[in-house]
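Residue-level listing of the chains:
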Amino acid sequence: MDDLILNVDALEEANQPFEADLPREFLDEVLRAEPATEFHAAGAAHLAGRATKLGRKVLVQAKATVPLKGQCRRCLKPVSLDEQIDLIRSYVPADQIRAQHEHRGDTDDARGASVDPETADEESYEGKEIDLKPAVREQVLLQIPGSPLCREDCKGLCPRCGKDLNEGDCGCDRAVLDPRWAVLKGLQLEKKKEK
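The rules behind each value
- Per chain, residues are indexed from 1 in the order of the written sequence.
- Under the rules for a predicted model, residues below a pLDDT of 70 receive no local features and side-chain atom pairs below 80 are neither given nor counted, while totals for whole chains, interfaces and linings still include all residues.
- The basis for the side-chain values is all heavy atoms of the structure; hydrogens and waters are excluded.
- By the criteria applied, helices consist of DSSP H or I runs no shorter than four residues and strands consist of E runs no shorter than two, each listed in order from the N terminus.
- Partly exposed describes any residue whose relative accessible area lies between the buried limit of under 20% and the exposed limit of over 50%, with all areas from a 1.4 Å probe on protein chains only and scaled to the type maximum.
- For two strands to pair, DSSP has to find at least two bridges joining them.
- Salt bridge, as used here, is a side-chain nitrogen of Lys or Arg placed within 4 Å of a carboxyl oxygen of Asp or Glu.

A. Focus on unusual backbone geometry. The omega torsion of the bond from Glu34 to Pro35 falls at -10°, within 30 degrees of zero and hence cis. Following the sequence through the fold, Pro35 ends up in the loop between helix 1 (24-32) and strand 3 (39-41). Despite not being glycine, Leu76 has its phi angle at roughly 70°, a positive value. Tracing the sequence through the fold places Leu76 in the loop between strand 5 (57-71) and strand 6 (78-93). Residue class for Leu76 comes out partly exposed when judged on its relative accessible area of 47%.

B. Spatial organisation of the pairing of strand 6. One ladder, built from 14 bridges, connects strand 5 with strand 6; its direction is antiparallel. Counted as the bridge partner of Ala64 is Ile85 from strand 6. If you look at the hairpin formed by strand 5 and strand 6, you'll find six residues sitting between the two strands, and Leu76 has a positive phi there, around 70°. Note that strand 6 and strand 7 (residues 122-125) share four bridges and pair parallel.

C. Representation of the pattern of salt bridges within the structure. Scanning the model with the defined rule gives nine salt bridges in all. Across the pair Arg56 and Asp9 runs a salt bridge whose closest N-O atoms are separated by 3.0 Å. One end of the pair, Arg56, is in the loop between strand 4 (45-54) and strand 5; the other, Asp9, is in the loop between strand 1 (5-7) and strand 2 (16-22), and 47 residues separate them in sequence. Judged by relative accessible area, which is 33%, Arg56 ranks as partly exposed. Residue classification places Asp9 among the partly exposed positions, given a relative accessible area of 40%. Of the charged contacts, one joins Glu138 and Arg89 as a salt bridge, the two residues approaching to 2.1 Å between their closest N and O atoms. With Glu138 in helix 3 (residues 133-143) and Arg89 in strand 6, this pair connects stretches of sequence that are 49 residues apart. A relative accessible area of 36% places Glu138 in the partly exposed class. Since its relative accessible area comes to 9%, Arg89 is described here as buried.

Below you can see the structure in the form of structure tokens.
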């Protein structure tokens with residue numbers, strides 16, 4: 001996965017294109033990490049992007065379409081989808097970030113832990129290389145759906161007979177009755193007549 005490592009010294013100033021393959025094994029590793037998702041990779045993906053160097057700061061913009069497979073959480077049919085992943089990150093040398101914090105007098109305690117909106121989207125890098133793997137992992141996990149659904153209005157399976165309700169009604173009584181109250185269903189009360 002060396003394709004996901006950018007050499008800062010090799011970058012030109014503006015909009016240098018780069019590409020990287022995201023093998024199926026890498027995507028499955030991301031999707032199965034704790035906490036695991038309900039998807040697995042249906043194949044490899046291809047990341048294409050541009051890197052813009054501003055001094056030692058680097059802006060990375062990239063996109064990939066990740067093929068996913070899963071099982072509908074309602075009717076258990078196989079689900080396949082292609083999910084668009086967008087990555088936008090600014091990378092700043094770690095020593096430059098430390099110098100900014102020292103200049104402002106930031107400390108490690110709670111008083112200095114406020115978020116600066118100007119640097120909220122920045123990540124640090126050490127040396128001359130930027131590893132894009134953590135950012136790609138994060139974006140894959142953030143941008144895929146929570147659970148697979150074959151369609152938004154999927155009716156699921158009948159809890160009594162197991163018929164796929166998307167194909168029609170099965171005729172079963174699906175009213176859920178709490179077994180603790182089942183005895184009361186047969187109880188009949190007599191009305192008292194008023195005199």
